[in-house]
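Coordinates in review
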Amino acid sequence: MPKFSNPIKSKLPHVGTTIFTVMSRLAAEHNAINLSQGFPDFDCAPELRALLTKYVNAGLNQYPPMAGVAPLREAIAEKAAALYGATYDPEHEITVVPGATYGIFTAITTLIGPGDEVILFEPAYDSYAPAVEVNGGIPIFVQLRFPDYSIDWQEVQNAITPKTRMIIINTPNNPTASVFSAEDLRLLEGMLRDTDIVVVSDEVYEHIVFDGHKHQSVARFPGLAERSFVVSSFGKTYHVTGWKTGYVMAPRELMAEFRKVHQFNAFVTNAPVQYALAEYMKNRDAYLELAAFYQKKRDFFLAGVAASRFKPLPSRGTFFQNLRYDAISDEQDTDLAIRLTREHGVAAIPVSVFYRKPPAHKVLRFCFAKSEETLAKGAEILCRL
Ligand code: GLN
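Because the structure is a prediction, the values reported are computed rather than measured.

As for empty space enclosed by the protein
Using the criterion set out here, one finds one cavity of 30 Å³ or more in the structure. Quantified by volume, the largest cavity comes out at close to 30 Å³. Lining the largest cavity, in full, are Lys79, Glu206, Ser232, Ser233, Phe234, Thr237, Tyr238, Tyr247 and Met281. For the lining of the largest cavity, the class distribution of residues is four nonpolar, three polar and two charged.

Okay, structure coming up:
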């Protein structure tokens, strides 16, 4: 370590290690059932693995085009048209990126500078506020209303100032498992109509919406699509979180600026993975059947904890189930999450970490993207508490 004459000036003085890393590490140390960090404990489809091998063996191992390989961008455009009735030009309006986190970070970096305000909803996925702050922007938080995590759009309206440059939305929502209704998006569309505010819409769980509801992509709403970066991730859709590949769709002017930043950061995204995904996307069932696949897991987990003293909150999308524990303990959720892992062998995410100040209600988030065997073991432990 060199001796710096001045202490290092942190750009993120209040930030520690993400809760996902902390809890997954603790779960591994204690050999606990890991229902904390959101990733499947089962493998992706053998066809997808075979496709990756095929393209690696075909020698497609050099830099792909900066915006992503053409067949993948075309497949993404076709999906957006078929599902959301939206037109995105694959040449200028779609960019493949190394994961949704990167896509969100790049969209924020593209537009946000010192003093710009960005409206976020609290609880907020943990990467949003640091990405705003590292660019000198100011996060402005609007609270989701407990227990249904709905939005008071009047509060959003009140939060808008002449400095508001961006609003970040996330439906289906992590960590609350709530989803936006069409009415939510219509209200947002109307509110932004005469402004220059840009939307970053985190839709990584777009294919995981339950109970027959439809995913409300901003791409369905022309007044929103024209001012939005839509971000998604193949990690969630195809059970390949470790492949770290996602995409961003935006109107041409916004995307041109986005690519200026992207080309000097990652520059490109893993080539053979993109070819494999492009071919695999031809099988539409793989994403169209995902909601039913995860709904079954949600219901299996809920049945498993039905006899416990935990009280489920609605899970309308994502692969998370939130459970209240008022009847079990008055500990902080951060303390309980650690104790559950160490003493009882099951790890969860304390939802308060997604707030600046811990809220009064007590909730733990459980990931059900797991085999039934894992879910049954986890639920059995929870029933003993
Ligand atoms: N999004 C995943 C979750 O919510 C984790 C991603 C990560 O570890 N950064 O659990």
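After that view, the rundown keeps rolling.
Let's talk about the site of the ligand
The environment of the ligand is formed by Phe20, Gln37, Gly38, Tyr125, Asn174, Lys236, Phe320 and Arg365. Between Gly38 and the ligand, the recorded distance is 2.6 Å, taken from a backbone N or O atom to an oxygen atom. The side chain of Arg365 places a nitrogen or oxygen atom 2.7 Å from an oxygen atom of the ligand. Contact with the protein chains removes 79% of the 290 Å² of surface that the ligand exposes when unbound. More than half of the atoms of the ligand fall within 2 Å of the grid points belonging to the largest pocket. Partitioning the shell around the ligand into residue classes produces three nonpolar, three polar and two charged.

Observations regarding the packing of aromatic side chains
Counted according to the given criterion, the structure contains 22 aromatic pairs. On the numbers, 6.0 Å between centres and 80° between planes, the contact of Trp153 with Phe180 is edge-to-face. With a gap of 27 residues between them, Trp153 in helix H6 (residues 153-159) and Phe180 in the loop between strand S5 (164-170) and helix H7 (182-192) connect regions that are remote in the sequence. Residue classification places Phe180 among the buried positions, given a relative accessible area of 10%.

Quick word on the sheet that holds strand S3 (residues 117-122)
Within the open sheet, the seven strands sit side by side as S2-S8-S7-S6-S5-S3-S4. Their pairing is mixed. With one partner strand each, in any of the chains shown, strand S2 (94-97) and strand S4 (138-143) form the two edges of the open sheet. Across the sheet, the axes of successive neighbouring strands diverge by a mean angle of 20°, strand direction being ignored. Where S3 lies against S5, three bridges are found, and the strand directions are parallel. Considered in S5, the bridge of Ile119 is made with Ile167. With respect to the sheet, helix H3 (residues 70-84) is in contact with S2 and strand S8 (246-249), its orientation differing from that of S2 by roughly 120°. Here helix H4 (residues 100-111) sits on the sheet in contact with S2, S5, strand S6 (198-202), strand S7 (228-233) and S8, set at roughly 160° to S7.

Describing helix H2 (residues 46-57)
Under the 1.5 Å per step criterion, the end-to-end length of H2 is 16 Å for twelve residues, consistent within 8% with the ideal 16 Å. Along H2, the residues that are buried comprise Leu48, Leu51, Leu52 and Tyr55. Mapping the buried residues of H2 onto a view down its axis gives an arc of 100°, with all of them on the same face. Opposite the buried face of H2, by more than 90 degrees, sit the exposed residues Pro46 and Asn57. Residues of H2 that are buried make contact with helix H11 (271-280). Just beyond H2, the residue with positive phi is Gly59, at close to 85°.

Notes on the confidence of the model for the protein
Chain-level statistics for the protein give a pLDDT mean of 97 and a share of 100% at 70 or above. Between the elements of the protein, mean pLDDT differs from a low of 94, seen in helix H12 (residues 285-288), to a high of 99, seen in S6.

Reading guide: rules and limits
Residues numbered from 1 in each chain as written. Predicted model: local features only at pLDDT ≥ 70, side-chain atom pairs only at ≥ 80, totals over all residues. Heavy atoms only, no water. 1 Å grid on protein atoms, 1.4 Å probe; cavity = no way out; pocket = protein on both sides within 12 Å on 5 of 7 lines; lining within 4 Å. Points joined across faces, edges and corners; volume = space filled by probe spheres on them. Nonpolar A, V, L, I, M, F, W, Y, C, P; charged D, E, K, R; others polar. Near = heavy atom within 4 Å. Polar contact = N/O pair within 3.5 Å; in protein donor to acceptor, adjacent residues only side chain to side chain. Areas by Shrake-Rupley, 256 points an atom, 1.4 Å probe, with all protein chains shown as cover. Sits in = over half its atoms within 2 Å of the grid points. Phe/Tyr/Trp six-rings, centres within 6.5 Å; stacked < 30°, edge-to-face > 60°. Helix = DSSP H or I, 4+ residues; strand = E, 2+ residues; numbered from the N terminus. Buried < 20%, exposed > 50% of the residue type's maximum accessible area, 1.4 Å probe, protein only. Pairing = 2+ DSSP bridges. Axes fitted to C-alpha atoms, helices over the stretch in contact; angles between N-to-C directions. Contact = heavy atoms within 4.5 Å. Expected span 1.5 Å × (residues − 1). Arc of directions from axis to C-beta. pLDDT = per-residue confidence, 0-100.

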